[in-house]
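Residues per chain are reported as follows:
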Amino acid sequence: MIKMAYKKRLDGRKFDELRPITAEVGVIPNAIGSAYFKIGKTGAYAAVYGPRDLYPRFLKNPKRGVLRCNYNMMPFSGAGDRVRPGTSRRSKEISLVTNQALLPVVNLDDFPNSVVDVFVELNETDAGSRCAGICAASMALADAGIEMKDLVGAISIGIVDGQVVLDLDYQEEAYKDGHVADVPMAYIPSMDKISLLQCDGRIKKDDLLKGLEMGKKAAKQLIEIQKKALKAKFEVPK
Amino acid sequence: MEKGKLLIKDKEVVVPGEVLAQGMSYLPSQGTYRKGNDVIASKLGLARVEGNVVKIIPVSGRYLPKKGDVIIAKVTDINIAGWTVDTNSAYRAMLSMKDATSDFIRRGSDLTRYFDIDDYMVTKIFNVTSQNLVDLTMKGPGLKKLEGGRIMTVSPSKVPRIIGKQGSMVSMIKQATSCNIIVGQNGVVFVKGINPEDEILTVKTIKKIEEESHVAGLTDKIKEFLDKKSKKR
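Criteria and cut-off values
- Residues numbered from 1 in each chain as written.
- Chains lettered and ligands numbered in written order.
- Predicted model: local features only at pLDDT ≥ 70, side-chain atom pairs only at ≥ 80, totals over all residues.
- Heavy atoms only, no water.
- Helix = DSSP H or I, 4+ residues; strand = E, 2+ residues; numbered from the N terminus.
- Rg over C-alpha atoms; globule rule 2.2 N^0.38 Å.
- Buried < 20%, exposed > 50% of the residue type's maximum accessible area, 1.4 Å probe, protein only.
- Pairing = 2+ DSSP bridges.
- Polar contact = N/O pair within 3.5 Å; in protein donor to acceptor, adjacent residues only side chain to side chain.
- Contact = heavy atoms within 4.5 Å.
- Core = buried A, V, L, I, M, F, W, Y, C linked by side-chain atoms within 4.5 Å.
- 1 Å grid on protein atoms, 1.4 Å probe; cavity = no way out; pocket = protein on both sides within 12 Å on 5 of 7 lines; lining within 4 Å.
- Points joined across faces, edges and corners; volume = space filled by probe spheres on them.
- Nonpolar A, V, L, I, M, F, W, Y, C, P; charged D, E, K, R; others polar.
- Domains from an automatic or database assignment.
- Salt bridge = Lys/Arg side-chain N within 4 Å of Asp/Glu carboxyl O.

Looking only at helices and strands, chain A has four helices and nine strands in total. Secondary structure of chain A in N-to-C order comes out as β-β-β-β-α-β-α-β-β-α-β-β-α. Taking 2.2 N^0.38 as the reference for a compact globule, 238 residues should give roughly 18 Å; the C-alpha atoms of chain A span a radius of gyration of 18 Å, in line with that estimate. Based on the C-alpha atoms only, the size of chain A along its principal axes is roughly 60 × 45 × 35 Å. Scored against the burial criterion, the 238 residues of chain A give a buried share of 51%.

Below you can see the structure in the form of structure tokens.
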């Protein structure tokens, strides 16, 4: 029998409540498409460049265009310690999973031998940065006029001391008095497909299934927010 | 057949993944796709309903070379058979010697006499292959090397708005500023006036059109803007 010690969340949210979100599109004028997505104290900029010529040439695909994502935490984005600039094992992994989370929706068949570059830069991080990055990248790709089947909503679910929770922040991820599992996920509603699922920690099957349902619901909410932000760019100024 | 249901209004802004219409009586066109019973948007843009065909006019995106388009391109390299030019798209284009001029060019002669690196030209796309290899030609009315003036780039999806219906917008700007304006389908615009002030006003006006291209009644607004500016001078 597990003792349920985590009865109230540290920041007072409900167990299935998201942190406050702001989303904006077209924040980087030089990029073809760009977006800023902020959830709680985690903020992500995404800039899309391309389709453009791809180098090195061996990466070219003559059948369709290539999507290339790059995830980077800014040096001052952490909780105090300077994040060492440049690629790390972690940022390489997150670049890869971001790419794979977005790949099922983008269609680059019209652009053989070219590349669409997505740069995700995090200016502040407080857990859930890869999910924030995917949300920002999803909006930026749409803003860049790339053909997409749907938008992608990404959120983390997890276990804090036996309790299934949505959208963990850093305090919860670092919770000392019980076991914590962190499961970032990305969901594409129109295909009913999960395009990102990682797990840090142990989680039971029942809890995972419960969490995934929670996450799917939240992903749909996130997509509504993305839609609103994309449409806000075209509102007629009065 | 069962009557379908339209879920959006004409000229409404739609985002990828948004369901535009339900039922098999609506047909997906440019920028949309069918999934089961639904017609869904696959691009960010303005939805247009024409009869029972639903399509999207994109509001952003890079230029994709198309056969027959007149574009403004820049020479990036000179090779044995001709010139490599930048088309402001994902693909560069080739302008071969035989399509560039009707002059006889002796083997090994200096090609910079015709086009040097960094020269701009108005040119026409006469062939695009499945792998988007682009061939250009200089043979046709209005196709020439550009001298003087200034170059600006706009989003290619805004080009129809800058030109206007039967060129109404661009001719209005030409009249007000007495500048020569050439708009390439790839979003590169060439502006040449008698004095730099005219050119600056033209560039400003085109930027304004680009920013407000989705606003209704744009022509009147731009006319007002031009009147005000030309009175000031």
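Once you've had a look at it, read on.
As a further point, take the pairing of strand E6 (residues 38-41) of chain B. All names here are of chain B. With three bridges joining them, strand E3 (residues 19-22) and E6 adopt antiparallel strand pairing. Directly across from alanine 21, in E6, lies its bridge partner valine 39. Inspection of the sheet shows strand E5 (residues 32-35) paired to E6 by four bridges, in the antiparallel sense. Along E6, the bridge assignment pairs arginine 34 with valine 39. A loop of two residues connects E5 with E6, the two strands running antiparallel in sequence, and glycine 36 in this loop sits at a positive phi of about 60°.

Moving on to the side chain of Arg130(A). Residue and element names in this part refer to chain A. Its location among the elements puts arginine 130 in helix H2 (residues 129-143). Exposure remark for arginine 130: the relative accessible area of 17% places this residue in the buried category. Within the structure, the side chain of arginine 130 is placed 3.4 Å from the side chain of glutamate 93, a separation counted as a polar contact. Not counting residues within four places of it along the chain, the set of residues in contact with arginine 130 comprises Tyr71, Glu93, Ile94, Pro184 and Gln198.

One finds Phe37(A), Leu67(A), Leu102(A), Val118(A), Leu141(A) and Ile155(A) to be the most contacted residues of the largest nonpolar core, which totals 65 residues. Ranked by residues supplied to this core, first place goes to H2(A) with 10 residues. With residues near it in sequence (within four places) discarded, Val118(A) still touches Ala47(A), Val48(A), Leu67(A), Arg68(A), Cys69(A), Asn70(A), Ala137(A) and Leu141(A). Grouped together as the second largest cluster of nonpolar side chains are 21 residues, Val203(B), Leu218(B), Ile222(B) and Leu226(B) included.

It is worth spelling out the layout of surface pockets at this point. Put simply, the second largest pocket is a space of about 940 Å³. Lining the second largest pocket are 29 residues, and of these Pro29(A), Ala31(A), Ile32(A), Ser155(B) and Glu210(B) sit closest to its centre. Those elements that place two or more of their residues in the lining of the second largest pocket are strand E2 (33-39) of chain A together with strand E15 (150-153) and helix H4 (196-211) of chain B. Here the residues of the lining of the second largest pocket are counted per class, giving 11 nonpolar, 11 polar and seven charged.

With that settled, consider the domain arrangement of chain B. Parsing chain B into structural domains produces domain 1 (5-58), domain 2 (70-146) and domain 3 (150-232). Using only C-alpha atoms to locate each centre, domain 1 of chain B and domain 2 of chain B end up separated by 39 Å.

Turning next to the pattern of salt bridges. Oppositely charged side chains can form a pair if their charged atoms are brought close together. All told, the structure shown has 25 salt bridges over all chains when counted by the stated rule. Linking Glu224(A) and Lys227(A) is a salt bridge whose minimum nitrogen-to-oxygen distance equals 3.8 Å. Taken as a pair, Glu224(A) and Lys227(A) lie in helix H4 (residues 205-232) at a separation of three residues, close to a single helical turn. Assessed through its relative accessible area of 46%, Glu224(A) is described here as partly exposed. When the shortest N-O distance is used, the salt bridge between Lys208(B) and Glu212(B) registers 3.4 Å. Of the two residues, Lys208(B) and Glu212(B), both sit in the buried class. In the salt-bridge network here, residues are joined through shared partners; they are Arg9(A), Asp11(A), Arg13(A), Arg19(A), Asp126(A), Asp167(A) and Glu172(A).

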